[in-house]
Amino acid sequence: MTTLEGRPATALLVIDMQHDVVVAAHDRDGVIARIAAMVKRARKAGAPVIWVQHSDAGMPEGSEGWRYVPELTMKAGEPVIHKRYGDAFEGTGLEAELANAAVGHLVVCGAQTDMCIRSTIHGAFTRGYDVTLVGDSHTTEDLTELGAPPMADVIAHTNLYWESQRAPGRTAAVVPAAEVFAS
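So, here is what we can say about the structure in this document. These figures come from a predicted structure and were not determined experimentally.

## Regarding helix α4 (residues 113-126)
Helix length check: α4 (14 residues) gives 18 Å between terminal C-alpha atoms against 20 Å at 1.5 Å per residue, within 8%. Regarding α4, the residues found buried are T113, C116, I117, T120, I121, G123, A124 and F125. Residues of α4 that are buried in the fold lie against β1 (9-15), β3 (80-83), β4 (103-111), β5 (130-139), α5 (151-163) and β6 (172-175). A positive backbone phi angle near 105 degrees is found at G128, which sits one or two residues after α4.

Put into structure tokens, the structure is as follows:
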């Protein structure tokens with residue numbers, strides 16, 4: 001139901017599952033395992049898998065902390081979007097990749113829930129995409145010292161408000177990983 005005409009495909013968007021981003025993330029190993037299983041199912045279904053990789057002064061491109069966790073393997077030919085902002089669309093070639101693959105629906109997972117995940121799902125939705133957030137496959141670090149709620153509450157709240165998101169001609173949903181690209 002995307003507002004983007006002629007774009008019936010669905011892509012799996014894996015955001016920032018990098019060493020330094022998830023080193024102390026909530027349910028790190030569980031999230032990684034669920035993402036790995038979704039990547040495998042997406043590939044089997046012929047759905048594009050698009051990897052997003054953040055860099056900044058604290059996590060420079062090419063550093064060990066910038067690299068993806070070894071449990072998630074990028075396949076040759078799968079797009080890798082390099083970003084410097086929370087929203088994976090800002091200042092990147094993501095929109096062109098999605099247009100080339102006729103993608104109008106994004107299934108989003110990864111890190112960090114309260115930063116890059118939120119920015120990207122909102123950015124996609126306002127650009128006309130249908131957006132499904134994988135409720136058990138996004139994570140965050142403990143930012144309670146900065147006034148944030150506990151990690152599990154940040155994740156639960158994001159799932160709560162995203163499943164109620166509405167706009168003309170677009171859909172938003174929250175689903176568990178087991179339902180993504182399930183046969």
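## A look at the pairing of β1
The element β1 is largely enclosed, with a buried count of five among its seven residues. Summarising the sheet, β1 and β4 pair through seven bridges and their orientation is parallel. Opposite T10, over in β4, you have H105 as the bridge partner. Across four bridges, the pairing between β1 and strand β2 (residues 49-54) is parallel. The residue of β2 that forms the bridge with V14 is W51.

## Concerning the environment of R84
You can see R84 is positioned in the loop between β3 and α3 (94-100). A residue is classified by how much of its surface remains accessible, and R84, at 53% relative accessible area, is exposed. Expressed as a C-alpha distance, the spacing of R84 and Q53, which sit 31 residues apart in the sequence, is 8.6 Å. Ignoring any residue separated from it by four or fewer positions in sequence, one finds R84 in contact with H54, S55, D56 and A57. Within the structure, the side chain of R84 is placed 3.3 Å from the side chain of S55, a separation counted as a polar contact.

## Regarding the packing of α4 against α5
At a minimum axis distance of 11 Å, the contact between α4 and α5 shows a crossing angle of 10 degrees. Regarding the angle of α4 to α5, the classification is roughly parallel. Side by side, α4 and α5 meet where T113, D114, R118, I121, H122 and F125 of the first sit next to V154, I155, H157, T158, Y161 and W162 of the second. Looking at the contact of α4 with α5, its residues break down into six nonpolar, four polar and two charged.

## Focus on the sheet that holds β1
A sheet is described by the order of its strands in space; here six strands give the open sequence β3-β2-β1-β4-β5-β6, paired in parallel fashion. Each having just a single partner strand, β3 and β6 make up the two edges of the open sheet. Pairwise comparison of adjacent strand axes, ignoring direction, gives a mean angle of 25 degrees for this sheet. Here six bridges tie β4 to β5, and the two strands are oriented parallel to one another. Bridged to H105 within β5 is D130. Seen against the sheet, helix α2 (residues 28-45) touches β1, β2, β4 and β5 and runs at an angle of roughly 140 degrees to β5. Relative to the sheet, α5 contacts β5 and β6, its axis offset from that of β5 by approximately 165 degrees.

About the thresholds
Residues numbered from 1 in each chain as written. Predicted model: local features only at pLDDT ≥ 70, side-chain atom pairs only at ≥ 80, totals over all residues. Heavy atoms only, no water. Helix = DSSP H or I, 4+ residues; strand = E, 2+ residues; numbered from the N terminus. Expected span 1.5 Å × (residues − 1). Buried < 20%, exposed > 50% of the residue type's maximum accessible area, 1.4 Å probe, protein only. Contact = heavy atoms within 4.5 Å. Pairing = 2+ DSSP bridges. Polar contact = N/O pair within 3.5 Å; in protein donor to acceptor, adjacent residues only side chain to side chain. Axes fitted to C-alpha atoms, helices over the stretch in contact; angles between N-to-C directions. Parallel < 35°, antiparallel > 145°, perpendicular 65-115°, else oblique. Nonpolar A, V, L, I, M, F, W, Y, C, P; charged D, E, K, R; others polar.

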